[in-house]
Structure formats: structure tokens, C-alpha cells
Amino acid sequence: MKKVLVVGAGGFAGGFIVEEGLSRGYEVYAGLRESTSRKYLTDPRIKFTVFNFDEPESLKTTLSEAMPGEEKWDWIVYNLGATKAISFSDFSKINYEYLREFLNALKETDKVPEKFLLMSSLSVHGPRHEKDGGRFTETDIPAPNTRYGASKLKAEMLLNMDKIPYIIFRPTGIYGPRDKDYFLMLQTISKGFDFSAGYKKQLLTFIYVEDLARAIYDALEKAPVNQTYIISEEAAYTQKEFRKIAANALGKKGVISIPLPLWAVKGVSTVAEKWGVARMKPSTLNSDKYNIMKQRNWDVDVSKAKKDFGFKPQVSLEEGIKKAIEWYKKEKWL
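Residues numbered from 1 in each chain as written. Predicted model: local features only at pLDDT ≥ 70, side-chain atom pairs only at ≥ 80, totals over all residues. Heavy atoms only, no water.

### What to know about the packing of helix α1 (residues 12-23) against helix α6 (residues 209-222)
Part 1 of the argument: With their axes 9 Å apart at the nearest point, α1 and α6 run at an angle of 55 degrees to one another. Here α1 is positioned oblique relative to α6, judged by the angle of their axes. When you trace α1 past α6, the crossing you get is right-handed. Packed against α1, whose contacting residues are F12, A13, F16, I17, E20 and G21, the element α6 presents V209, E210, L212, A213, R214, I216 and Y217 at the interface. (Axes fitted to C-alpha atoms, helices over the stretch in contact; angles between N-to-C directions. Helix = DSSP H or I, 4+ residues; strand = E, 2+ residues; numbered from the N terminus. Parallel < 35°, antiparallel > 145°, perpendicular 65-115°, else oblique. Left-handed = near helix turned anticlockwise from the far one by under 90°. Contact = heavy atoms within 4.5 Å.)

Below you can see the structure in the form of C-alpha cells.
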């Protein structure tokens, strides 16, 4: 039985990653912080490992206690990260420095696994194909235009140089039950409105959270090490297509499309970000989010993942949105 540690198990995707590992018969450890909610980590088979990333020296003790002697995890999935923060230093601390200290602790305690899978992001690419209309591939030279993307690229570079057998995932927009970001879009559409940024056509890509979890274990089981993969459903959708799919799933016949000029979106994002800084709380709308909304092309090529470990998403956007909305209604979010 493989032993798997999921670091960042309390996050949106983390719970699904833990569940998928258990469903495959693995011995799964949920790595989280003391303050992290365990609401979706209730399976009695889960073994918990509590980390304090703000005290790097404690990481070695935690690893040694969780895996005494010569024991070690076969695989580690590193899902810890921040998608929004007040400053780049906060992004760098959580997405890069925590990883650096964790890798150092693994090496110093001789707990380096057979495979270490890092959850990165498609944002490391930046707006590479705005003019040529091409699809993102793993051979693109990264040029992130967000603080989040830059911090994730730093993490990738660290892992690449650290002589640890790695697999890097760059997923596109992750959605599904428990997600809060796409929920806001669905909530707005449920009220009969759909706000979008800019007037030019935008191509969007998505990955259903359970498909992401399945891809993680497929890669750990089959993919070679020291490789990077873009993870997404193969189809790309316009904002109009997304709105239609969401409206149908919500049973909403009339939805008013309200495209906003980019200058207005930028202004609102700037004000929201400053207000977040004043409150010392990251705002959902910020300069990073503006750059993401401004980008017109998020189309991707997943042929490398298909070739190396048979990647094949099982859930289309239409089916995934229905599943998410059913969950939101059951939990009375909608």
C-alpha cells in the first residue's frame, strides 16, 4: 500500500485529493495547519499530520514523528498555497518560502519521496498567446504578469533545481463543489446578471476538481519524474457559452449580459485592492484578478499529459457545473 502525504489537505482541492487517494486504497495522510478546518476530512481512514510552517525547525520534528526511523511517504502532493494576498511578499512567503523550508526538512530528515507533485498554476505562463491565438504548452517560456503567477514560478524553479524527483501540475481554473471563486459567478448568474471584463472574445478553460484529483494519482502512478504538465478539460469556452451552460443548470431563462470596459474593471480592482490593504484582508478583486480577467486567451494543449499518463477528464463543463450547483443548493449556498 502506497503512503501518500497531501500537504494543504484542508483547501478546496485538498479534500478531493485526499478522498481520491483513499478510494484507490492508499494510506493517506492529510497535512494541514492546526487552525485549518477539517470539515471535509471526516473519513476515519485519514491520518493527520499538523505542520507549523511559521516555525521551520518544527517541520523536521513533525516529519520524523509522522514517519519514524527509515519510514517515508512514497508520494507527496504539495497543494499548499495562497491564490490571493495583500502583497507579493505574502505570496512569496506562502507559495515559495514555505515550500523551500519543507523541502529542506525532507532532505535533512531523509524523507524525500519517490515522487513529489507540486500544484502550480497556468498563471505562470502569463499572456503568451494574446496575439497569435495559440494554445499554451509546457514548452512556452513562462512570463507571469501576476504576483500569484510569479510566486508559483519561483516555487517551480526551486523544485527544478533541488534534485527532488518532481512532477509539476499547472491546472487551469479549478471548479466544483466547495469552491468559492466560481460560486460568485454562478451566484450572480442566478440573480439574472452576468458581468464580464472587456468587449473582445475571451477563451476560458476549466478543470473539474475530481478530474484534477484523478489526474494527480494517474500521474503519480504512471508519469515519469521531472516533468511539467498543463491540466485542463480539452475544450475552451467563450463567456457566452459559460453563461448559457450556467443559466441552463440554474434553470434561469433570462440572464442579462453586462460587459464592462477594461478601464472600469481596472479602476474597481484598484480601489478594492487598496481597501483590502487598509483592512489587512486580501480582496477578491485586485490587480492580479484584473490581469487574469483582462487576458483573452486561456486555451491549452494537454497532449503531453495524455501521452505520458493517459490523462482524460471525465466531467465536461456542462456536467461539472450541474454537479457544483446541486451541491451549492444542498448546502444552501444558492
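### Some points on the sheet that holds strand β1 (residues 3-7)
Part 1 of the argument: Strand order in the open sheet formed by seven strands is β3-β2-β1-β4-β5-β6-β10, with parallel pairing between adjacent strands. If you trace the sheet from one side to the other, it starts and ends with β3 (47-50) and β10 (227-231), each paired once. Mean inter-strand twist for the sheet, computed between neighbouring axes without regard to direction, equals 20 degrees.
Part 2 of the argument: As paired elements, strand β4 (residues 75-78) and strand β5 (residues 115-119) share four bridges and run parallel to each other. Across the sheet, W75 pairs through a bridge with K115, a residue of β5. (Pairing = 2+ DSSP bridges.)

### Section: the packing of helix α3 (residues 88-108) against helix α4 (residues 147-161)
Part 1 of the argument: Their axes nearest at 8 Å, the elements α3 and α4 cross at an angle of 15 degrees. In this view, α3 runs roughly parallel relative to α4, as classed from their interaxial angle. Relative to α4, the crossing made by α3 is right-handed. Counted together, F88, F91, S92, N95, Y96, L99, R100 and L103 of α3 and R147, Y148, A150, S151, K152, K154, A155, L158 and L159 of α4 form the full contact between these two elements.
Part 2 of the argument: A breakdown of the residues in the contact of α3 with α4 according to their chemical character gives ten nonpolar, three polar and four charged. (Nonpolar A, V, L, I, M, F, W, Y, C, P; charged D, E, K, R; others polar.)

### Let's talk about the nonpolar core
Part 1 of the argument: Ranked by internal contacts, the top residues of the largest apolar core, which has 64 residues, are F169, I216 and F309.
Part 2 of the argument: Among the elements that take part in this core, α6 stands out by supplying eight residues, more than any other.
Part 3 of the argument: Not counting residues within four places of it along the chain, the set of residues in contact with I216 comprises I17, V77, L117, M119 and F169.
Part 4 of the argument: M67, I76, Y78 and F102 belong to the second largest nonpolar core, which has 28 residues in total. (Core = buried A, V, L, I, M, F, W, Y, C linked by side-chain atoms within 4.5 Å. Buried < 20%, exposed > 50% of the residue type's maximum accessible area, 1.4 Å probe, protein only.)

### Observations concerning the pairing of strand β2 (residues 27-32)
Part 1 of the argument: Counting buried positions along β2 yields six of six residues, so the element is predominantly enclosed.
Part 2 of the argument: Note that β1 and β2 share five bridges and pair parallel. For K3, the partnering residue across the bridge sits in β2 and is E27.
Part 3 of the argument: A crossover connection joins β1 to the parallel β2 through α1; in handedness this β-α-β unit is right-handed.
Part 4 of the argument: Sheet topology places β2 next to β3; four bridges connect them, and they run parallel. By the bridge assignment for β3, A30 is matched with F48. (Right-handed = clockwise from strand over helix to strand, strands pointing away.)

### Details of the environment of K107
Part 1 of the argument: Mapped onto the secondary structure, K107 falls in helix α3.
Part 2 of the argument: Assessed through its relative accessible area of 36%, K107 is described here as partly exposed.
Part 3 of the argument: With 76 residues separating them in the primary sequence, K107 and F183 have C-alpha atoms 40 Å apart.
Part 4 of the argument: Other than its neighbours up to four places away in sequence, K107 contacts V112, D162 and I164.

Distances and angles like these do not, on their own, reveal function.
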